[in-house]
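Spelled out from the first residue to the last, the chains are:
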Amino acid sequence: MAETINVCFVCLGNICRSPTAEGVFRALVTQAGLSDRIHVESAGTAGYHIGELPDPRAREHAARRGLQLVSRARQFQARDFERLHYVLAMDKQNYRDLVALRSVARSDSVHLALFRDFDRSAPRGSSVPDPYYGGPEGFEEVLDQCERAAAGLLEAIKTRLKSEGR
Ligand code: 4NP
């Protein structure tokens, strides 16, 4: 059995953006019949909400698109880099925090990037804005942005699986 490709989405609190990205991407992976090849998870750079379900607003907006968000918040650890293949940051601050953590980890092959850089229609360096302190439209925007970036990410991983002959 080939090793799975391990993908982790990372935001600040792990209760809004990264669980949404996780839910959106897992649904795409399942539709593509790749659940046994690609493992999907999420984490936060901060530990404010450890153990909590995603924010009720994130769950409600996702549910309207047929997605159940069931993850529990956890804080990203430097050692996570040792088993992950793709670490996708939701915004530039998350990205900078992850770069700092990677510098103290053993990780030769991890692909660390801004998630929206997988969306070819988004300007390079785009973030998924934090919806936590805003209104419902912010949660819809997060879902829209995650859907586009998730499609690009899946294409990139499929290309990698093909080039590795699996
Ligand atoms: P997230 O949103 O990073 O998308 O999960 C936030 C959740 C909680 C907080 C900030 C952002 N907070 O400050 O508690």
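Anything mentioned here points back to the structure above.
To keep things clear, this report deals only with the structure shown in the data block.

About the criteria used
- Residues numbered from 1 in each chain as written.
- Predicted model: local features only at pLDDT ≥ 70, side-chain atom pairs only at ≥ 80, totals over all residues.
- Heavy atoms only, no water.
- Axes fitted to C-alpha atoms, helices over the stretch in contact; angles between N-to-C directions.
- Helix = DSSP H or I, 4+ residues; strand = E, 2+ residues; numbered from the N terminus.
- Parallel < 35°, antiparallel > 145°, perpendicular 65-115°, else oblique.
- Left-handed = near helix turned anticlockwise from the far one by under 90°.
- Contact = heavy atoms within 4.5 Å.
- Nonpolar A, V, L, I, M, F, W, Y, C, P; charged D, E, K, R; others polar.
- Buried < 20%, exposed > 50% of the residue type's maximum accessible area, 1.4 Å probe, protein only.
- Core = buried A, V, L, I, M, F, W, Y, C linked by side-chain atoms within 4.5 Å.
- Salt bridge = Lys/Arg side-chain N within 4 Å of Asp/Glu carboxyl O.
- Near = heavy atom within 4 Å.
- Polar contact = N/O pair within 3.5 Å; in protein donor to acceptor, adjacent residues only side chain to side chain.
- Areas by Shrake-Rupley, 256 points an atom, 1.4 Å probe, with all protein chains shown as cover.
- 1 Å grid on protein atoms, 1.4 Å probe; cavity = no way out; pocket = protein on both sides within 12 Å on 5 of 7 lines; lining within 4 Å.
- Sits in = over half its atoms within 2 Å of the grid points.
- Points joined across faces, edges and corners; volume = space filled by probe spheres on them.
- Pairing = 2+ DSSP bridges.
- Right-handed = clockwise from strand over helix to strand, strands pointing away.

### Focus: the packing of helix α1 (residues 17–31) against helix α4 (residues 136–163)
No. 1: With their axes 9 Å apart at the nearest point, α1 and α4 run at an angle of 50 degrees to one another. Classified by the angle between their axes, α1 and α4 sit oblique to one another. The way α1 lies across α4 gives a crossing that is right-handed. In contact with Arg-17, Thr-20, Ala-21, Val-24, Phe-25, Leu-28 and Val-29 of α1, α4 contributes Val-142, Leu-143, Cys-146, Glu-147, Ala-150, Ala-151, Leu-153, Leu-154 and Ile-157.
No. 2: Looking at the contact of α1 with α4, its residues break down into 13 nonpolar, 1 polar and 2 charged.

### As for the environment of Arg-124
No. 1: With respect to the helices and strands, Arg-124 occurs in the loop between β4 (111–114) and α4.
No. 2: Arg-124 gets classed as exposed once you look at its relative accessible area, which sits at 70%.

### Quick look at the nonpolar core
No. 1: Counting residues in hydrophobic clusters, the biggest one holds 35 residues, and the most contacted among them are Val-7, Phe-9, Phe-25, Phe-115 and Leu-153.
No. 2: Within the residue set of this core, elements represented by two or more residues are β1 (5–11), α1, β2 (38–44), α2 (56–64), β3 (86–89) and α4.
No. 3: For this core, the element with the highest residue contribution is α4, accounting for 10 residues.
No. 4: The residues contacting Phe-115, other than those within four sequence positions of it, are Phe-9, Ala-21, Leu-88, Ala-89, Met-90, Cys-146, Ala-149, Ala-150 and Leu-153.

### Some remarks on the pattern of salt bridges
No. 1: Enumeration over the complete set of coordinates arrives at 17 salt bridges.
No. 2: The shortest N-O distance in the salt bridge between Asp-130 and Arg-17 comes to 4.0 Å. In this pair, Asp-130 sits in the loop between β4 and α4 while Arg-17 sits in helix α1, placing the two residues 113 residues apart along the sequence.
No. 3: The class for Asp-130 is partly exposed, based on a relative accessible area of 39%.

### Focus: the site of the ligand
No. 1: Cys-11, Leu-12, Gly-13, Asn-14, Ile-15, Cys-16, Arg-17, Tyr-48, His-49, Asp-130, Tyr-132 and Tyr-133 make up every residue found near the ligand.
No. 2: Here an oxygen atom of the ligand sits 3.0 Å away from a polar atom, N or O, in the main chain of Leu-12.
No. 3: At 3.2 Å, a side-chain N or O of Asp-130 approaches an oxygen atom of the ligand.
No. 4: Look at the ligand: alone it shows 350 Å² of surface, and the protein chains cover 92% of it.
No. 5: More than half of the atoms of the ligand fall within 2 Å of the grid points belonging to the largest pocket.
No. 6: Residues of the shell around the ligand, tallied by class, amount to 7 nonpolar, 3 polar and 2 charged.

### A short note on the layout of surface pockets
No. 1: Each pocket or cavity is described by its volume, and for the largest pocket that value is around 160 Å³.
No. 2: Taken together, Cys-11, Leu-12, Gly-13, Asn-14, Ile-15, Cys-16, Arg-17, Tyr-48, His-49, Asp-130, Tyr-132 and Tyr-133 form the lining of the largest pocket.
No. 3: Along the lines of polarity and charge, the residues of the lining of the largest pocket split into 7 nonpolar, 3 polar and 2 charged.

### A short note on the side chain of His-85
No. 1: Along the chain, His-85 turns up in the loop between α2 and β3.
No. 2: Side chain to side chain, His-85 and Glu-3 meet in a polar contact 3.5 Å long.
No. 3: In contact with His-85, not counting residues within four places along its chain, are Glu-3, Thr-4, Ile-5, Asn-6, Ser-109, Val-110, His-111 and Arg-160.

### Re the pairing of β2
No. 1: Burial runs high along β2: 6 of the 7 residues are buried.
No. 2: Alignment of β1 against β2, held across 7 bridges, turns out to be parallel. Looking at β2, one finds that Phe-9 is bridged to Ser-42.
No. 3: Handedness of the crossover is the feature at issue here: the chain leaves β1, passes through α1, returns alongside β2, and the resulting connection is right-handed.

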